[in-house]
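Descriptive structure summary
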Amino acid sequence: MEYDEASTTIDAPPARVWDVLTAGSYQDWDSGVARLDGHVADGEKIKVWSEVSPDRAFPVAVSLDETGRTMTWTGGMPIPGIFRGVRTFRVGPHGDGSTFHMREEFSGLLLGPIFRSMPDLQPSFDHFATGLKARAEDTTAT
């Protein structure tokens, strides 16, 4: 298994962070997301185009927990066990604000060659966390 992750504390309540995270307008505040098609909702499928690979859509299945604290995106190769990525977003309380943690785990039979051919995702994870923090803390943003 290989993974990338990012975390930050946010001076906004968890409900505000969750609302920004599930609104799906990432391209408005995350320089790493070029476009998102679909609705970020439990059981939905969305497609994400990233600046890292702007000509390729990444289709993922969305799963939200009932508490409004964890969202998971699952994607990969259509044949089970070949290659899979699971990105988990977690929001929790931290004093008067929140903590945010995002981690994507990659697994499967073709993990080695695929992971070696992938660009370094750490900068995009860091940008996402920074952008989410800025957007959630901006009380004038919707």
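So, here is what we can say about the structure in this document. (Residues numbered from 1 in each chain as written. Predicted model: local features only at pLDDT ≥ 70, side-chain atom pairs only at ≥ 80, totals over all residues. Heavy atoms only, no water.)

Some details on the overall build of the protein chain
Our working rule: Secondary structure counts use DSSP, requiring at least four H or I residues in a row for a helix and at least two E residues in a row for a strand, with both numbered from the N terminus. Note that the radius of gyration is over C-alpha atoms, with the globule rule given as 2.2 Å times the number of residues to the power 0.38. For each residue, the accessible area found with a 1.4 Å probe, counting protein chains only, is set against the maximum for its type, and the residue is called buried under 20%, exposed over 50%, and partly exposed in between.
Along its length, the protein chain carries three helices and seven strands. What you see in the protein chain, going N to C, is helices and strands ordered as β-α-β-β-β-β-β-β-α-α. In terms of overall size, the protein chain behaves like a compact globule, its C-alpha atoms giving a radius of gyration of 15 Å where 142 residues would be expected to give roughly 14 Å. Sorting the 142 residues of the protein chain into buried and exposed places 41% on the buried side.

A word on the pattern of salt bridges
Selection rule: For this analysis, a salt bridge means a side-chain nitrogen from Lys or Arg found within 4 Å of a carboxyl oxygen belonging to Asp or Glu.
Counted under the stated rule, the structure contains five salt bridges. Among the ionic pairs, Asp37 bridges to Arg35, the shortest N-O distance being 2.8 Å. We classify Arg35 as partly exposed; its relative accessible area is 40%. For Lys133, the salt bridge goes to Glu137, with nearest N and O atoms at 2.8 Å. Residue Lys133 and its partner Glu137 are located together in helix α3 (residues 122-137), separated by four residues, close to a single helical turn.

Side note on helix α1 (residues 14-23)
Which entries qualify depends on this criterion: We call two residues in contact whenever any of their non-hydrogen atoms come within 4.5 Å of each other.
Restricting attention to buried positions, one finds in α1 the residues Val17, Trp18, Val20, Leu21 and Thr22. Residues of α1 that are buried in the fold lie against β1 (2-10), β4 (57-64), β5 (70-76), β6 (84-94), β7 (97-107) and α3. Once α1 ends, the next one or two residues include Gly24, with phi positive near 80°.

Structural notes on the sheet that holds β5
Inclusion rule: Two strands pair if DSSP finds at least two bridges between them. The angle between two axes is taken between their N-to-C directions and runs from 0 to 180 degrees, where each axis is a line fitted to C-alpha atoms and a helix contributes only its stretch in contact.
As summarised here, the arrangement of the seven strands in space is β1-β7-β6-β5-β4-β3-β2, forming an open sheet in which the pairing is antiparallel. Among the strands making up the open sheet, the edge pair consists of β1 and β2 (33-37). Mean inter-strand twist for the sheet, computed between neighbouring axes without regard to direction, equals 20°. As defined by bridge partners, β1 adjoins β7 across nine bridges and the pair is classed as antiparallel. The residue bridging Ile10 from the neighbouring strand is Ser98, located in β7. Strands in contact with α1 are β1, β4, β5, β6 and β7; relative to β6, the strand with the most contacts, it is inclined by about 155°. Against the sheet, α3 engages β1, β6 and β7, with an angle of about 20° to β1.

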